[in-house]
Amino acid sequence: MLAIGLTGQVGAGKSTALAWFGGRGAATLSADRIADRVWEREEILERARRLWGSNVVSNGRLDRAALARRAFASPDEQAKLCGLIHPPVRAEIERSLPANGIAVVEIPLLFESGLPWWCQGVIYVAAPLTRRGERNAGRGLDEAELSRREAFFSPDGDRKSKSDWVVVNDGSLEELHGKLECLWDELRLLDGLMAVGWQGSECEAKELEAAGQIARWSCSGGECRAFSLDRHIGRLSGKLAGLWSSKNFCMSCRARKALVFELSARTGQERE
Ligand SMILES: CC(C)(COP(=O)(O)OP(=O)(O)OC[C@H]1O[C@@H](n2cnc3c(N)ncnc32)[C@H](O)[C@@H]1O)[C@@H](O)C(=O)NCCC(=O)NCCS
Ligand SMILES: Nc1ncnc2c1ncn2[C@@H]1O[C@H](COP(=O)(O)OP(=O)(O)OP(=O)(O)O)[C@@H](O)[C@H]1O
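Values in this document were obtained by computation on a predicted structure and should not be read as measured data.

Trainee: Would you mind showing me how to read the site of ligand 1 here?
Mentor: Of all residues adjacent to ligand 1, which total 20 residues, the nearest are Asp32, Trp39, Arg64, Gln78 and His86. Arginine 139 places a side-chain nitrogen or oxygen 3.4 Å from an oxygen atom of ligand 1. Notes on ligand 1: free accessible area 780 Å², of which the protein chains cover 91%. Listed by contribution, the elements that provide at least two residues to the shell around ligand 1 are helix H2 (31-38), helix H4 (64-71) and helix H5 (75-96).

Trainee: Help me understand helix H6 (residues 129-136), please; the structure alone is not making it clear to me.
Mentor: Because each turn of an α-helix spans 3.6 residues, side chains separated by three or four positions end up pointing in the same direction. All of the buried residues along H6 are Arg132, Gly133 and Asn136. The buried residues of H6 occupy an angular sector of 105 degrees when projected down its axis, which confines them to one face. Those residues of H6 that are buried are in contact with helix H7 (143-150).

Trainee: Is there a simple way to explain the side chain of serine 30 in this structure?
Mentor: Mapping serine 30 onto the fold places it in strand E2 (residues 27-30). Reaching out from serine 30, the side chain makes a polar contact with the backbone nitrogen of arginine 33 at a distance of 3.1 Å. Here serine 30 is in contact with Leu18 and Glu106, once residues within four sequence places are set aside.

Trainee: Even after reading the chapter, I still don't get the environment of serine 154, so can you show me in this structure?
Mentor: Topologically, serine 154 is positioned in the loop between H7 and helix H8 (156-162). Separated by 45 residues in the primary sequence, serine 154 and leucine 109 have C-alpha atoms spaced 8.9 Å apart. Non-local contacts of serine 154, meaning those with residues more than four positions away in its chain, are made with Glu112 and Arg159.

Trainee: Mind showing me how you'd approach the site of ligand 2 here?
Mentor: The full set close to ligand 2 counts 17 residues, and Lys14, Ser15, Thr16, Arg139 and Asn169 are the nearest of them. Within the side chain of serine 15, one N or O atom sits 2.7 Å away from an oxygen atom of ligand 2. Between asparagine 169 and ligand 2, the recorded distance is 2.8 Å, taken from a side-chain N or O atom to a nitrogen atom. The fraction of the free accessible surface of ligand 2 (640 Å²) that becomes covered by protein chains is 77%.

Cut-off values and rules
Residues numbered from 1 in each chain as written. Chains lettered and ligands numbered in written order. Predicted model: local features only at pLDDT ≥ 70, side-chain atom pairs only at ≥ 80, totals over all residues. Heavy atoms only, no water. Near = heavy atom within 4 Å. Polar contact = N/O pair within 3.5 Å; in protein donor to acceptor, adjacent residues only side chain to side chain. Areas by Shrake-Rupley, 256 points an atom, 1.4 Å probe, with all protein chains shown as cover. Helix = DSSP H or I, 4+ residues; strand = E, 2+ residues; numbered from the N terminus. Buried < 20%, exposed > 50% of the residue type's maximum accessible area, 1.4 Å probe, protein only. Arc of directions from axis to C-beta. Contact = heavy atoms within 4.5 Å.

Everything listed here is a matter of geometry and, on its own, says nothing about what the molecule does.
In structure tokens:
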């Protein structure tokens, strides 16, 4: 399974990209839509009433606009909102991740709430503020409201530099789909390469990470695994080529073929 986090600027086109990946066969999950279901729980509504007053619930249902006014009024209020909603959302995402295939998970506050352990790569969707203002006006998010919510996120540049792919959605939907098509090809190749697994002790994982040889790794039951060896497929291939003979690396036939193909295409050389 290849699990990818999808994040980006408010109203930049994350959900549009998520739906496109779904159409290509990826399993898709959205933190916002999971949050909608969490808001249907009576105990959560009761805690919201206690935090922000009874006005945020109307006829037994969440009044989204009233809550947005209260919860986005200050960093403290927004932190309360995240404290209430994020733990059940995170748990539901973990329960819903498929065992196989490519999963794309849209999480607006992906970096701010701590990159989840399962996240093997990050796609960041960006678009100019004026464009986002035009596109989101119909849902009550004008430029001022977009900027107000954006202020709760880490700086744009930080989030972009921590991401593996940045999709600039500044053109038509057709242009966006073209960019996503290229990205999807990479994800499928990476999904094959994910069979390239490294396993070892936590101490070795830390050494490899310090040497820049593995970007992300996770630990369970005392055994550590690295999935994404580097940020981009080209660099990934290069690093893997260097590490090929290392006893720590094993590779399935399919992944080996994919890597030989990738390296040949890039360098014009055949590799054994
Ligand atoms: C407060 C709510 C009811 C306002 O609903 P509204 O329909 O106005 O917005 P919607 O849910 O469509 O979200 C629009 C965008 O606002 C931004 N946003 C949502 N929640 C937050 C938050 N806690 N902090 C900062 N920005 C947020 C995101 O970019 C999101 O994509 C809603 O945003 C909500 O339930 N938020 C809590 C869930 C959450 O934190 N989602 C982000 C998951 S990481
Ligand atoms: N390239 C595009 N051309 C025209 N409209 C677009 C384009 N991309 C997205 N949109 C429209 O912009 C609006 C916002 O897109 P979307 O809901 O995907 O953003 P989002 O990043 O998921 O927003 P949020 O931060 O609120 O979750 C939608 O109405 C969508 O149809």
